[in-house]
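Per-entry structural report
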Amino acid sequence: MSERHAITRVRHALKMRRLDVVHVRRLTPHMVRVTLAGTDLEGFVSASPDDHVKLFFPVSDGSINPPTLGPDGPVYPEGVEASPARDYTPRRYDASRNELDIDFVLHGEGPASTWAENVEIGDSLCVGGPRGSMVVPDDFDHYVLVGDATALPAIGRWLEEMAESTPVTVLAEIVSDEERQALKRDVRWFVAGESPSLDEALAALPIPAGDTFWWVATESKRARALRSLLVEERNIDKDWVKATGYWQAD
């Protein structure tokens, strides 16, 4: 890969933070933005739009029991129910206000979705990470961002952080037209189950002129299939494609 497009990986000091909910906003019928704050947020670093933090949720008695960080990895406390954990994108971090936004897709029962469906100001979470960042340089000629609803927080952040003059194509899949969000750039929206599908659109998308970085985030098996489509069928340089499974189908 050309040095001009060198993708770098940055490691961060791993810290566990206990934070409180200070604001809740329903973005769409199935997307909730939760703003967290607290003194533990000081020094928080997220260097890439698709970073992830691990959220630890309250257990049945309302307590939060995250692991401690030992020399051999995380160690959960004995004799108590371990907090369920899920990975989420840091949607926005405001150091001046000491606030962190996390966007939740409401998809039915589950530790994260159930918590976000019922969250109230004053509730708490434990947040670990991010452990590191994959930093994509801003010197590509074009960017293509592809994802389902779980990818929208990363896509939204990416569009806000890139220069307005940067050429970008966005393909996003949602469950209904009501789930469209007002993002900073134009988005081609696709409703799941309708034609054309996001997958079909990506297969037919004209390859932009110049060097293009392709970013895909969907269900795990689907992400692998879309990576194969780009690299093996469309002959895209594999170093310029990142396809990530943001969730796993049952």
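Use the structure listed above.
Residues numbered from 1 in each chain as written. Predicted model: local features only at pLDDT ≥ 70, side-chain atom pairs only at ≥ 80, totals over all residues. Heavy atoms only, no water.

1. Here's the deal with helix H1 (residues 111–118)
Within the span of H1, buried status applies to Ala112, Ser113, Trp115 and Ala116. For H1, the angular spread of buried residues about the axis comes to 165 degrees, placing them on one side. In this fold, the buried residues of H1 make contact with strand E2 (16–28), strand E3 (31–37), strand E7 (85–88), strand E9 (99–105) and strand E10 (124–128). (Buried < 20%, exposed > 50% of the residue type's maximum accessible area, 1.4 Å probe, protein only. Helix = DSSP H or I, 4+ residues; strand = E, 2+ residues; numbered from the N terminus. Arc of directions from axis to C-beta. Contact = heavy atoms within 4.5 Å.)

2. Observations concerning the pairing of strand E8 (residues 90–94)
Note that E8 and E9 share four bridges and pair antiparallel. Looking across to E9, one finds that Pro90 is bridged to Ile102. (Pairing = 2+ DSSP bridges.)

3. Describing the nonpolar core
Formed by 25 residues in total, the largest nonpolar core has its most connected members in Leu145, Ile155, Leu159, Phe213 and Trp215. Put simply, the parts of the chain that give this core at least two residues each are strand E12 (142–147), helix H2 (152–161), strand E13 (168–174) and strand E15 (212–219). The leading source of residues in this core is H2, at five residues. Not counting the four nearest positions on each side in its chain, Leu145 is found in contact with Ile155, Trp158, Leu159, Val168, Thr169, Val170, Leu171 and Trp215. Formed by 21 residues, the second largest nonpolar core is a distinct cluster that contains Leu36, Phe44, Ile102 and Phe104. (Core = buried A, V, L, I, M, F, W, Y, C linked by side-chain atoms within 4.5 Å.)

4. Overview of the layout of surface pockets
Here the second largest pocket is characterised by a volume of approximately 250 Å³. Along its surface, the second largest pocket is lined by 14 residues, and Val136, Asp138, Trp158, Glu161 and Met162 are the ones closest to its centre. Listed by contribution, the elements that provide at least two residues to the lining of the second largest pocket are strand E11 (132–135) and H2. Partitioned by chemical class, the residues of the lining of the second largest pocket number 10 nonpolar, two polar and two charged. (1 Å grid on protein atoms, 1.4 Å probe; cavity = no way out; pocket = protein on both sides within 12 Å on 5 of 7 lines; lining within 4 Å. Points joined across faces, edges and corners; volume = space filled by probe spheres on them. Nonpolar A, V, L, I, M, F, W, Y, C, P; charged D, E, K, R; others polar.)

5. Some thoughts on the sheet that holds strand E14 (residues 188–191)
With respect to topology, five strands assemble into an open sheet ordered E14-E13-E12-E15-E16, the strand pairing being parallel. Edge positions in the open sheet fall to E14 and strand E16 (241–247), since each of these has one partner strand only. With direction set aside, neighbouring strand axes in the sheet form an average angle of 10 degrees. Across four bridges, the pairing between E13 and E14 is parallel. By the bridge assignment, Ile174 is partnered in E14 with Val191. Here helix H4 (residues 220–233) sits on the sheet in contact with E13, E15 and E16, set at roughly 155 degrees to E15. (Axes fitted to C-alpha atoms, helices over the stretch in contact; angles between N-to-C directions.)

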